[in-house]
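# Fold and contact review
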There are 2 protein chains.
Amino acid sequence: MTAFRPAATRCLDCGLHKLCFPPSFDEHALNRISQLVAQPSAFAKNETVYRLGDSMTALYAVRSGALKTSVLLPSGEEQITGFYLPGEVIGLDNMGQSHCASTATALEKTTLCELPVNGISQLSQQLPELQGHLFQIMSTELRQDYQRMHLMAQASAEVRVVSFLLGLSARQQQRHLATNELRLSMGRADLANHLGLALETVSRALSQLADDGLIEVSGKSIRIIHAEQLAERVAADCHSS
Amino acid sequence: MTAFRPAATRCLDCGLHKLCFPPSFDEHALNRISQLVAQPSAFAKNETVYRLGDSMTALYAVRSGALKTSVLLPSGEEQITGFYLPGEVIGLDNMGQSHCASTATALEKTTLCELPVNGISQLSQQLPELQGHLFQIMSTELRQDYQRMHLMAQASAEVRVVSFLLGLSARQQQRHLATNELRLSMGRADLANHLGLALETVSRALSQLADDGLIEVSGKSIRIIHAEQLAERVAADCHSS
DNA sequence: CGTCGGGTTGAACCCGTTCAAAGGGAGTGG
DNA sequence: CCACTCCCTTTGAACGGGTTCAACCCGACG
């Protein structure tokens, strides 16, 4: 079996391994991990990877495409907790749980590397660096959540939208993509949900920013014209409050 | 040294060990952990346990008292990320980092058990249950943050305050304390900051709830009169939106 | 008794929501 | 190739809840 595994499934050969795992991971560590990773699987748009209540079996590293994670609230409404791009890992919020507490849905055609949680747990007993990495990405998510929480609690609609755009831009930079050309894989409704705003408010904020000449908006494609001025608006809002 | 360690520092003898660690932890595991735990240290009101930028050396389990954790935003303002009570563990958002990204401040006279992060990391290589526990409490914090984020994003002031009170009540129940007698260790300003509201709004919400006969407010002491009706208001708000 | 800090109450303003309608682009069928 | 439709997005106008600014209250402490 393993002899026939396509080269593409070996993390070492994957251009994203420095994102999924620390750059410091050596060949040995990557090979050990590769042995756990199943053949990347493809998901169509709107297909769910896992769903609330499913038994928790794996983490998933995004290989291509994009997806959203959401929690279903008691009331039945959906709260989108995050959008994930290639090189990012989903399922951390279910670590240590027997069942999934969230749902992951592909926003477009997406391929994922499956990291079985049993294997990951065991391997991280042997590779301190892997355990440290898991702690690190989980704590990073925690810290990012704090910032997002402050955003939701305090920031104006414009600042929320700008923060999101700049965050996306920064993540593209990590993947060595252009920082000023964004393609939003999610619709306005999902974006609004994630930012805690009404759909119309997001649209208005984008239009306003476009009117001010800071960005160009064309459907799901957004071009950042003046990144510095965008950053200033975020800072200005923080300073004023 | 260890021969003279007071019995009180042995986790096995501490009434809170089922909160700090899973109830399933056996005597062996608790003893291994106890060897790591330094003498509980005391902090006065407003004293900081660790501060943004400090080197990250330990997690801390609350033994008595209460404290808040906060992040300092670029603008210089403080966002309070959580309040912690006996049996709860702080510092998880710094796991895997070399330096603290948050600040922990005692809200009253507080004693903490220090869990050196090096020791914890190494021990969790040997005790899969400990590693699993760490993953679990981190993922639990993640999931709680998602709920809080939704609260901040969508919920009315009243719902935010009620959710906080009910959450506090639930945590008291875990510690086998009365669920209807709350003592808020933080001031209105901290509470408002944490809930993403203006100080005045929190005060108004509490007054309103008191007028409606659902709670009794006397400074920092709050008595819950009709827990069910409080829960209904939260559910009602969710349903309406 | 006076002062001080935290908490409460009051009134006006502002931003985001809500409801409503129009605009636009992709896909389908003629 | 165009016309039609559907869905997503944009734009408009009025409403409402939370913030803000301001005054007041109250218990603690000197």
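Residues numbered from 1 in each chain as written. Chains lettered and ligands numbered in written order. Predicted model: local features only at pLDDT ≥ 70, side-chain atom pairs only at ≥ 80, totals over all residues. Heavy atoms only, no water.

Under the annotation held in an unreviewed UniProt entry, chain A carries the name Helix-turn-helix domain-containing protein and is attributed to Paraperlucidibaca wandonensis.

## Considering the overall build of chain A
Helix and strand content of chain A: eight helices and eleven strands. Relative to a compact globule of 241 residues, whose C-alpha radius of gyration would be 18 Å, chain A shows 19 Å and is just as compact. For chain A, the spread of C-alpha atoms along the principal axes amounts to about 55 × 40 × 35 Å. When burial is assessed residue by residue, chain A has 49% of its 241 residues classed as buried. Across chain A, the fraction of contacts at a sequence separation of at least 24, relative to all contacts at a separation of at least 6, is 68%. For chain A, the exposed area adds up to about 10800 Å²; of that, 51% sits on carbon and sulfur atoms. (Helix = DSSP H or I, 4+ residues; strand = E, 2+ residues; numbered from the N terminus. Rg over C-alpha atoms; globule rule 2.2 N^0.38 Å. Buried < 20%, exposed > 50% of the residue type's maximum accessible area, 1.4 Å probe, protein only. Contact = heavy atoms within 4.5 Å. Areas by Shrake-Rupley, 256 points an atom, 1.4 Å probe, with all protein chains shown as cover.)

## What about the sheet that holds strand 7 (residues 103–106) of chain B?
Residue and element names in this part refer to chain B. If you trace the four strands from one edge of the open sheet to the other, you get 2-7-4-5, paired in antiparallel fashion. Because the sheet does not close on itself, it has two edges, and the strands there are strand 2 (48–50) and strand 5 (78–84). Within this sheet the neighbouring strands show an average axis-to-axis angle of 30 degrees, counted without direction. Relative to strand 5, strand 4 (residues 67–72) runs antiparallel, the two sharing six bridges. Bridge pairing links Ser70 to Ile80 in strand 5. (Pairing = 2+ DSSP bridges. Axes fitted to C-alpha atoms, helices over the stretch in contact; angles between N-to-C directions.)

## Details of the protein's contact with DNA strand D
Lining the immediate environment of DNA strand D, one finds 16 residues, of which Ser203 and Ser207 of chain A together with Ala157, Thr201 and Arg204 of chain B sit closest. Counting only the atoms of DNA strand D within 4 Å of the protein, the fraction contributed by sugar and phosphate is 53%. Between a phosphate oxygen of DNA strand D and a main-chain N or O atom of Ala198 of chain B, the distance comes to 3.1 Å. The side chain of Glu200 of chain B places a nitrogen or oxygen atom 3.1 Å from a base nitrogen of DNA strand D. (Near = heavy atom within 4 Å. Polar contact = N/O pair within 3.5 Å; in protein donor to acceptor, adjacent residues only side chain to side chain.)

## Section: the sheet that holds strand 1 (residues 41–43) of chain B
Strands belonging to one sheet form pairs held by backbone hydrogen bonds; the direction of such a pair is parallel or antiparallel. Residue and element names in this part refer to chain B. Ordered by their spatial adjacency, four strands build an open sheet running 1-8-3-6, and the pairing between neighbours is antiparallel. Edge positions in the sheet fall to strand 1 and strand 6 (89–90), since each of these pairs with one other strand and no more. Looking at chain direction, strand 1 and strand 8 (residues 110–116) are connected through three bridges and run antiparallel. Bridging from a neighbouring strand, Ser41 pairs with Leu112 of strand 8. Docked against the sheet, helix 3 (residues 117–126) engages strand 3 (58–64) and strand 8, running at close to 55 degrees with respect to strand 8.

## What to know about the packing of helix 5 (residues 157–174) of chain B against helix 7 (residues 199–211) of chain B
Residues and elements named next belong to chain B. Interaxial distance between helix 5 and helix 7 falls to 9 Å at its minimum, and their mutual angle equals 75 degrees. Between helix 5 and helix 7, the angle falls in the class roughly perpendicular. Residues Ala157, Glu158, Val161, Val162 and Leu165 of helix 5 pack against Thr201, Ala205, Leu206, Gln208 and Leu209 of helix 7. Here the contact of helix 5 with helix 7 is built from residues that sort into seven nonpolar, two polar and one charged. (Parallel < 35°, antiparallel > 145°, perpendicular 65-115°, else oblique. Nonpolar A, V, L, I, M, F, W, Y, C, P; charged D, E, K, R; others polar.)

## Comments concerning the environment of Ala42 of chain A
Mapped onto the fold, Ala42 of chain A is located in strand 1 (residues 41–43). The residues touching Ala42 of chain A, leaving out its near neighbours within four places in the chain, are Glu47, Thr110 and Thr111 of chain A.

## Here's the deal with the protein's contact with DNA strand C
In the neighbourhood of DNA strand C, 16 residues make up the surrounding shell, with Ala157, Thr201 and Arg204 of chain A together with Ser203 and Ser207 of chain B lying closest. A distance of 2.5 Å separates a phosphate oxygen of DNA strand C from a polar side-chain atom of Ser207 of chain B. When contributions to the surface near DNA strand C are tallied by element, the ones reaching two or more residues are helix 7 (199–211) of chain A together with helix 7 of chain B. The biggest single contributor to the surface near DNA strand C is helix 7 of chain B, with five residues. Partitioned by chemical class, the residues of the surface near DNA strand C number four nonpolar, six polar and six charged.

## Quick word on the environment of Arg223 of chain B
All names here are of chain B. Here Arg223 shows up in strand 11 (residues 221–224). Considered as a pair, Arg223 and Leu165 are 58 residues apart in the sequence and their alpha carbons are 9.9 Å apart. Setting aside residues no more than four positions away along its own chain, Arg223 makes contact with Asn180, Glu181, Leu214, Ile215 and Glu216. One polar contact links Arg223 to Glu181, side chain to side chain, over a distance of 3.2 Å.

## Examining the interface of chain A and chain B
Accessible area lost on assembly of the parts is the figure often given for the size of an interface. Listed by partner, the interface residues are 44 residues for chain A and 44 residues for chain B. Between chain A and chain B we count zero salt bridges in total. In this structure, the connection of chain A to chain B is made through 14 residue pairs in polar contact (both at pLDDT 80 or more). Among the elements of the structure, strand 5 (78–84), helix 3 (117–126), helix 4 (128–154) and helix 8 (227–240) of chain A are those that each provide at least two residues to the side of chain A that touches chain B. Of the residues forming the side of chain A that touches chain B, the biggest block, 20 residues, is contributed by helix 4 of chain A. (Salt bridge = Lys/Arg side-chain N within 4 Å of Asp/Glu carboxyl O.)

## Digging into the relation of the copies chain A and chain B
Mapping chain A onto chain B calls for a rotation angle of 180 degrees and an axial translation of 0.1 Å; the resulting RMSD is 0.0 Å. On the angle and the small slide along the axis, the relation comes out as a two-fold axis. No C-alpha of chain A lies nearer the rotation axis than that of Gln125 of chain A, which sits 2.3 Å from it. (Least-squares fit on C-alpha atoms with pLDDT ≥ 70 in both.)

## Some details on the UniProt feature "domain: Cyclic nucleotide-binding" (unreviewed entry) in chain A
Those residues carrying the UniProt feature "domain: Cyclic nucleotide-binding" (unreviewed entry) are residues 21–91 of chain A in this numbering. Along residues 21–91 of chain A one finds 11% helix and 39% strand; the C-alpha atoms at either end are 15 Å apart. (UniProt positions renumbered as here; feature names shortened; annotations may be inferred.)

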